[in-house]
Amino acid sequence: MTQTTLADLQHKAKQWRDDITFRQEVLGKPFDFRTTWGIFSPERLDDGSLMLLDYIDFKADDNSIDLGCGYGVLGMTAARECPNGQHILIDKDFVAVEYAKLNCQKNGLTNTHVQLSNGFYHVDKDKKFSLVMSNLPAKASKEQHYLYLLDAYERMEVGGRFYVVTINGLRDFMKRSFNEVFGNADKIKQGKTYTVTLAVKE
């Protein structure tokens, strides 16, 4: 068995430091992405986000927020599908925020704003949303999930929709917590790995 040398690793590291670029269709239309190692799912769009996007009922004048945007696919899709609205993409990871900005620019999306924020904490308090989207991380604590839901409820318009995709192991928690905060929860789709759940602010 050949052992990898330090020189081999240093050579490979030069390639690893280069941006990853790929094109992938979302809802039948292509986006171009730039990503890097250290961001979630850097080489292709993750199946959870793609499943979520298939089941969101986008409206042309939605004002949306992508909660935990990563390199931007949910917010970017909302910006394209809802051209009359404004779309905020937030993440607590500064690297993700930088790449989400790059990807919005790269794809000519002028109705987006990308910023660093821990949940809703750093988002303009006057902003209200008709659409909230999130690929909720399984590793976040239940306390953090509740904070996301409670803050979203405060920032949503009446009739606003909050769509989440989670691993199936969290589907019962999402149903319970959505009912506790919003008074309703609708399991939109359950697949082998992921579940899409919707709550509406009434």
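In this text, all values refer to a predicted model and were calculated from it rather than measured experimentally.

Q: I'm lost on the environment of Thr77 in this one. Help?
A: Inspection of the secondary structure puts Thr77 in helix α3 (residues 73–81). When the C-alpha atoms of Thr77 and Val26 are compared, they prove to be 7.4 Å apart, with 51 residues separating the residues in sequence. Dropping the residues within four chain positions of it, Thr77 is found in contact with Val26, Leu27, Phe31, Leu53 and Phe58.

Q: Teacher, can you tell me more about a nonpolar patch on the surface here?
A: The grouping of Leu9, Trp16 and Trp37 at the surface amounts to a nonpolar patch, some 330 Å² of accessible area in total. Locating Trp16 in the fold gives a position in helix α1 (residues 6–16).

Q: What is the right way to look at the packing of helix α2 (residues 47–55) against α3 in this model?
A: Angle between the axes and distance between the axes: these two values describe a pair of packed helices. Direction vectors running N to C along α2 and α3 enclose 25°, while the axes themselves pass 10 Å from each other. Looking at the two axes, α2 sits roughly parallel to α3. Every pair of crossing elements has a handedness; the one defined by α2 and α3 is right-handed. Side by side, α2 and α3 meet where Ser49, Leu52 and Leu53 of the first sit next to Val73, Leu74 and Thr77 of the second.

Q: I keep staring at the layout of surface pockets and nothing clicks. Help me out?
A: A probe as big as a water molecule, rolled over the atoms, marks out the empty space that is left. Considering only enclosed or pocket space, the largest pocket measures out at about 740 Å³ in volume. Taken together, 36 residues make up the lining of the largest pocket; nearest its centre are Phe40, Gly68, Asp91, Asn135 and Pro137. Counting residues per element, the ones that place at least two in the lining of the largest pocket are β3 (64–67), α3, β4 (87–91), β6 (129–135), α5 (142–155) and β7 (156–167). The dominant element in the lining of the largest pocket, judged by the number of residues it contributes, is β7, at three residues.

Q: How should I be thinking about the pairing of strand β2 (residues 29–35) in this particular structure?
A: In regular strands, side chains alternate between the two faces of the sheet. Relative to β2, strand β1 (residues 20–26) runs antiparallel, the two sharing seven bridges. Bridged to Thr21 within β2 is Arg34. Hairpin connection of β1 to β2: two residues between the antiparallel strands, including Leu27 at a positive phi of 50°.

Q: How should the sheet that holds β3 be read in this particular structure?
A: By way of backbone hydrogen bonds, the strands of a sheet pair with one another, either parallel or antiparallel. The seven strands lie next to each other as β5-β4-β3-β6-β7-β9-β8, forming an open sheet whose pairing is mixed. The open sheet has two edge strands with one neighbour each: β5 (112–116) and β8 (186–190). Pairwise comparison of adjacent strand axes, ignoring direction, gives a mean angle of 15° for this sheet. Two strands pair when backbone bridges link them, and β8 and strand β9 (residues 194–200) are joined in this way by four bridges, in the antiparallel orientation.

Q: Whenever I open this one, the nonpolar core confuses me. Can you help?
A: Taken as a class, soluble globular proteins show a tendency for nonpolar side chains to be buried jointly. Ranked by size, the top nonpolar core spans 34 residues in total, and within it Phe33, Leu45, Ile56 and Phe58 carry the most contacts. For this core, the secondary structure elements donating two or more residues are β1, β2, α2, α3, α4 (94–106), β6, β7 and β9. Among the elements that line this core, the one with the most residues is α3, at five residues. With 22 residues, the next largest nonpolar core counts Phe129, Leu136, Ala152 and Met174 among its residues.

Q: Explain the side chain of Thr195 here, please?
A: Mapped onto the elements, Thr195 comes out in strand β9. Since its relative accessible area comes to 0%, Thr195 is described here as buried. Within the local environment of Thr195, its side chain forms a polar contact with the side chain of Asn168, the two groups lying 2.6 Å apart. Not counting residues within four places of it along the chain, the set of residues in contact with Thr195 comprises Met51, Val164, Val165, Thr166, Asn168, Arg171, Lys187, Lys189 and Gln190.

Q: In this structure, what is going on with the pattern of salt bridges? I would like to understand it.
A: If the charged atoms of two oppositely charged side chains come close together, the side chains can form a pair. Within this structure, the stated rule accounts for six salt bridges. Between Arg161 and Asp62 there is a salt bridge; the shortest N-O distance is 2.8 Å. Of the two residues, Arg161 is situated in strand β7 and Asp62 in the loop between α2 and β3; the sequence distance between them amounts to 99 residues. Considered together, Arg161 and Asp62 belong to a single accessibility category, that of buried residues. Taking the shortest distance from any N to any O, the salt bridge between Glu98 and Lys101 comes out at 3.8 Å. With Glu98 and Lys101 both in helix α4 and three residues apart, this pair spans about one turn of that helix. According to the relative accessible area criterion, Lys101 is partly exposed, its value standing at 32%.

Criteria and cut-off values
- Residues numbered from 1 in each chain as written.
- Predicted model: local features only at pLDDT ≥ 70, side-chain atom pairs only at ≥ 80, totals over all residues.
- Heavy atoms only, no water.
- Helix = DSSP H or I, 4+ residues; strand = E, 2+ residues; numbered from the N terminus.
- Contact = heavy atoms within 4.5 Å.
- Patch = residues over 30% accessible without salt bridge, like charges linked within 9 Å, V, L, I, M, F, W, Y side chains within 5 Å.
- Areas by Shrake-Rupley, 256 points an atom, 1.4 Å probe, with all protein chains shown as cover.
- Salt bridge = Lys/Arg side-chain N within 4 Å of Asp/Glu carboxyl O.
- Axes fitted to C-alpha atoms, helices over the stretch in contact; angles between N-to-C directions.
- Parallel < 35°, antiparallel > 145°, perpendicular 65-115°, else oblique.
- Left-handed = near helix turned anticlockwise from the far one by under 90°.
- 1 Å grid on protein atoms, 1.4 Å probe; cavity = no way out; pocket = protein on both sides within 12 Å on 5 of 7 lines; lining within 4 Å.
- Points joined across faces, edges and corners; volume = space filled by probe spheres on them.
- Pairing = 2+ DSSP bridges.
- Core = buried A, V, L, I, M, F, W, Y, C linked by side-chain atoms within 4.5 Å.
- Buried < 20%, exposed > 50% of the residue type's maximum accessible area, 1.4 Å probe, protein only.
- Polar contact = N/O pair within 3.5 Å; in protein donor to acceptor, adjacent residues only side chain to side chain.

Bear in mind that shape data such as this cannot, by itself, settle questions of function.
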